[in-house]
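The primary structure of each chain is shown beneath.
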Amino acid sequence: AGLAVGIVLAGIKAAKIKLPLIDDILHYFERPGFMAGYGAIAYFVGMLFILSFFSWELGLYLLYILTICDGAATLFGKAHGKFQLPYNRAKSFEGLLAFLAFAMPVVMLGGSSIVPVVLIAAFLETIDLGIDDNVLVPLAGLVYGVI
């Protein structure tokens, strides 16, 4: 349902139709230079990927990482980011630290076996592969499963 709403809103915005409240929200959350609704669509694609391909336990950890850790990285990075990462100037060291700090509940619940997932997700969130991090972060579970 969320994906469908996102696609409809993206279509409306692509047609240059003004939606006062929606425009304000999108302006605050959407990345500059991207189609309106792109981040929301990528987020729901990431969630759908998690819900479709992972066990319930790993899926819950990945959903937490996607929603809480990735969001914290964005908010803290934008608000307090002073030190850019050397391999991606669009991301900050402060955002990365926020991601890792907010991942502590997952580590406490999942134990040491979940630490690689958190570290892979944190790394994938900071690199620029031309793919939205809302899609990359769930791939941490896939990378973890391979190794």
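Just so it is clear, the model here is predicted, and its values are computed rather than measured.

(A) Broad picture of the overall build of the protein chain. Counting its regular elements, the protein chain contains nine helices and two strands. Per-residue burial for the protein chain yields a buried fraction of 37% across its 147 residues. Element-wise, carbon and sulfur atoms account for 74% of the exposed surface of the protein chain, whose accessible area totals about 8,800 Å².

(B) Quick look at the packing of helix H5 (residues 93-102) against helix H7 (residues 115-126). Two elements in contact, H5 and H7, have axes whose closest approach is 10 Å; the angle formed by their N-to-C orientations is 155°. With respect to H7, the element H5 is oriented roughly antiparallel. In this structure, H5 crosses over H7, and the sense of that crossing is right-handed. Side by side, H5 and H7 meet where Leu 96, Phe 99 and Leu 100 of the first sit next to Val 118, Leu 119, Ala 121, Ala 122, Glu 125 and Thr 126 of the second. Within the contact of H5 with H7, the residues separate by chemical class into seven nonpolar, one polar and one charged.

(C) Fine view of the pattern of salt bridges. This structure, assessed with the given rule, holds two salt bridges. Across the salt bridge formed by Glu 125 and Lys 91, the nearest N and O atoms sit 3.1 Å from each other. One end of the pair, Glu 125, is in helix H7; the other, Lys 91, is in strand E2 (residues 88-92), and 34 residues separate them in sequence. Side by side, Glu 125 and Lys 91 carry an identical accessibility label, which is buried. Notably, a salt bridge pairs Asp 133 with Lys 91, separated by 3.5 Å at the nearest N-O pair.

(D) Spotlight on the environment of Gly 46. As for its placement among the helices and strands, Gly 46 is situated in helix H3 (residues 38-53). Judged by relative accessible area, which is 1%, Gly 46 ranks as buried. Sequence spacing of Gly 46 and Asp 132 is 86 residues, and the spatial spacing of their C-alpha atoms is 9.4 Å. Here Gly 46 is in contact with Leu 66, Asn 134 and Pro 138, once residues within four sequence places are set aside.

(E) View of the packing of helix H4 (residues 56-80) against H5. It is at 7 Å that the axes of H4 and H5 come closest, and there the two elements cross at 150°. The chirality of how H4 crosses H5 is right-handed. On H5, the residues that touch Tyr 64, Ile 65, Ile 68, Cys 69, Asp 70, Ala 72, Ala 73, Phe 76, Gly 77 and His 80 of H4 are Glu 94, Gly 95, Ala 98, Phe 99 and Phe 102.

(F) Layout of the environment of Leu 51. Relative to the assigned elements, Leu 51 resides in helix H3. The class of Leu 51 is exposed, set by a relative accessible area of 59%. When the C-alpha positions of Leu 51 and Leu 62 are compared, they lie 9.5 Å apart, and in sequence the two are eleven residues distant.

(G) The side chain of Lys 91, seen in detail. A polar side-chain atom of Lys 91 sits 3.1 Å from a polar atom in the side chain of Glu 125. Sequence-distant contacts of Lys 91, defined by excluding residues within four places in its chain, comprise Phe 83, Gln 84, Leu 85, Glu 125, Thr 126 and Asp 133.

(H) Here's a closer look at the packing of aromatic side chains. Applying the stated rule across the entire model yields five aromatic pairs. On the numbers, 5.5 Å between centres and 75° between planes, the contact of Tyr 43 with Phe 44 is edge-to-face. By relative accessible area, Phe 44 is classed as partly exposed at 31%. Ring centres of Phe 49 and Phe 54 lie 5.7 Å apart, and the angle between their planes is 75°; on these two criteria the pair is classed as edge-to-face. Among the aromatic residues, those joined into a cluster by ring pairs are Phe 49, Phe 53 and Phe 54.

About the thresholds
Residues numbered from 1 in each chain as written. Predicted model: local features only at pLDDT ≥ 70, side-chain atom pairs only at ≥ 80, totals over all residues. Heavy atoms only, no water. Helix = DSSP H or I, 4+ residues; strand = E, 2+ residues; numbered from the N terminus. Buried < 20%, exposed > 50% of the residue type's maximum accessible area, 1.4 Å probe, protein only. Areas by Shrake-Rupley, 256 points an atom, 1.4 Å probe, with all protein chains shown as cover. Axes fitted to C-alpha atoms, helices over the stretch in contact; angles between N-to-C directions. Parallel < 35°, antiparallel > 145°, perpendicular 65-115°, else oblique. Left-handed = near helix turned anticlockwise from the far one by under 90°. Contact = heavy atoms within 4.5 Å. Nonpolar A, V, L, I, M, F, W, Y, C, P; charged D, E, K, R; others polar. Salt bridge = Lys/Arg side-chain N within 4 Å of Asp/Glu carboxyl O. Polar contact = N/O pair within 3.5 Å; in protein donor to acceptor, adjacent residues only side chain to side chain. Phe/Tyr/Trp six-rings, centres within 6.5 Å; stacked < 30°, edge-to-face > 60°.

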